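A look at the structure
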Amino acid sequence: LKARANGEGLRIAPDGDVLIFRSNQSSSEAQGQGDLYVVRRQGDGWSRPASLGLHVNAVSHEYGPAMSPDGETFFFSRGFFGSVWSVPTALLDNLE
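Read on for a plain summary of the structure. Since the structure is predicted, the reported quantities are computational estimates derived from the model, not experimental observations.

Looking now at the pairing of strand β2 (residues 18-23). Counting buried positions along β2 yields six of six residues, so the element is predominantly enclosed. The pairing of β2 with strand β3 (residues 35-42) spans six bridges and is classified as antiparallel. Across the sheet, valine 18 pairs through a bridge with arginine 40, a residue of β3.

So this is what it looks like as structure tokens:
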């Protein structure tokens, strides 16, 4: 897994097949100054990064990704004051 832009806050989902990270990569999917992306294990490698979508990414910084132990809820922080948000994983783009 190579980063073309600043990547940080790497978290692995409970099943070990999904990595979630923050990046400031420039792409058509970018919403703001630092968005959360997902990659999936594919054989011996990983998929291309995909945005978690508008339920998570906004104009401000998103960071601190975490998954509940049962994989049903996704947690993250947004903004400079670190407000904590949660969203059901079923609502997230590219995280089924």
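Pairing is antiparallel across the open sheet formed by three strands, whose spatial order is β6-β7-β8. Either end of the sheet is taken by a strand with one partner, and the two such strands are β6 (62-67) and β8 (83-88). Averaged over all pairs of adjacent strands, the angle between strand axes in this sheet comes to 25 degrees, irrespective of strand direction. Across four bridges, the pairing between β6 and strand β7 (residues 73-78) is antiparallel. For glutamate 62, the partnering residue across the bridge sits in β7 and is arginine 78.

The subject of this paragraph is the packing of aromatic side chains. By convention here, two paired aromatic rings are described through the distance between centres and the angle between planes. One pass over the structure, following the stated rule, counts three aromatic pairs. Plain terms: the ring middles of phenylalanine 74 and phenylalanine 76 are 5.8 Å apart, the flat faces sit at 25 degrees to each other, and that makes the pair stacked. Note on accessibility: phenylalanine 74 and phenylalanine 76 belong to one class, buried. Ring centres 6.3 Å apart and planes at 20 degrees place the aromatic pair phenylalanine 76 and tryptophan 85 in the stacked group. With a relative accessible area of 39%, tryptophan 85 lands in the partly exposed category. Taken together, the aromatic side chains of Phe74, Phe76 and Trp85 make up a single cluster linked through ring pairs. A cation over an aromatic ring shows up here: arginine 78 above the ring of tryptophan 85, its NZ or CZ 4.3 Å from the ring centre.

Calculation criteria
- Residues numbered from 1 in each chain as written.
- Predicted model: local features only at pLDDT ≥ 70, side-chain atom pairs only at ≥ 80, totals over all residues.
- Heavy atoms only, no water.
- Buried < 20%, exposed > 50% of the residue type's maximum accessible area, 1.4 Å probe, protein only.
- Helix = DSSP H or I, 4+ residues; strand = E, 2+ residues; numbered from the N terminus.
- Pairing = 2+ DSSP bridges.
- Axes fitted to C-alpha atoms, helices over the stretch in contact; angles between N-to-C directions.
- Phe/Tyr/Trp six-rings, centres within 6.5 Å; stacked < 30°, edge-to-face > 60°.
- Lys NZ or Arg CZ within 6 Å of the ring centre and 35° of its normal.

Any link to function would need more than the numbers given here.
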